[in-house]
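Per-entry structural report
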Amino acid sequence: MARYIVQFMKDVLGENGHEAEICQRSMEVDAADKLNASDLAKVRFCETESVTEWSLHADRVHVTDAEFSS
């Protein structure tokens with residue numbers, strides 16, 4: 001299994017009228033691939049945020065490989 005960093009991103013409108021992208025939550029998950037990492041993180045996000053649908057609190061999910069420094 002590989003380790004992935006999954007970020008739940010949301011577009012918000014700032015006081016200055018400009019749109020900005022913010023990270024609602026970031027988590028590391030172990031999964032077979034990026035798709036499985038996304039699915040697992042969505043379940044965990046819902047549990048953590050006490051919601052039934054992750055997309056109510058985020059617009060998209062970014063999945064990247066976790067980098068380990070030696």
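Read on for an overview of the structure. Keep in mind it's a predicted model, so treat the numbers as computed, not measured.

**As for the overall build of the chain**
Of the regular secondary structure elements, the chain holds 1 helix and 3 strands. Reading the chain from its N end, one meets helices and strands in the order β-β-α-β. For the chain, the C-alpha atoms occupy an extent of roughly 45 × 30 × 15 Å along the three principal directions. For the chain, the residues scored as buried account for 24% of the 70 residues in total.

**Remarks on the pattern of salt bridges**
For the coordinates displayed, the defined rule picks out 6 salt bridges. Salt-bridge contacts for Lys-10 lead to Asp-59; the nearest nitrogen and oxygen are separated by 3.8 Å. Separated by 49 residues along the polypeptide, Lys-10 in strand 1 (residues 2–13) and Asp-59 in the loop between helix 1 (34–49) and strand 3 (60–65) bring together distant segments of the chain. In this structure Lys-10 comes out as partly exposed when scored by relative accessible area, which is 23%. Judged by its relative accessible area of 37%, Asp-59 falls in the partly exposed class. The partner of Asp-11 in a salt bridge is Arg-60, with the nearest N and O atoms 2.6 Å apart. In this pair, Asp-11 sits in strand 1 while Arg-60 sits in strand 3, placing the two residues 49 residues apart along the sequence. The exposure class of Arg-60 is partly exposed, given its relative accessible area of 26%. Via salt bridges that share partners, Arg-3, Glu-28 and Asp-30 belong to a single interconnected network.

**Comments concerning the nonpolar core**
Taken as a class, soluble globular proteins show a tendency for nonpolar side chains to be buried jointly. Of all hydrophobic cores here, the largest spans 14 residues; its most connected members are Val-6, Phe-8, Met-27, Val-29 and Ala-37. Listed by contribution, the elements that provide at least two residues to this core are strand 1, strand 2 (19–31) and helix 1. The dominant element in this core, judged by the number of residues it contributes, is helix 1, at 4 residues. Sequence-distant contacts of Phe-8, that is, excluding residues within four places in its chain, are made with Ile-22, Cys-23, Gln-24, Arg-25, Met-27, Ala-41, Lys-42, Phe-45, Trp-54, Ala-58, Arg-60 and Val-61.

Rules used throughout
Residues numbered from 1 in each chain as written. Predicted model: local features only at pLDDT ≥ 70, side-chain atom pairs only at ≥ 80, totals over all residues. Heavy atoms only, no water. Helix = DSSP H or I, 4+ residues; strand = E, 2+ residues; numbered from the N terminus. Buried < 20%, exposed > 50% of the residue type's maximum accessible area, 1.4 Å probe, protein only. Salt bridge = Lys/Arg side-chain N within 4 Å of Asp/Glu carboxyl O. Core = buried A, V, L, I, M, F, W, Y, C linked by side-chain atoms within 4.5 Å. Contact = heavy atoms within 4.5 Å.

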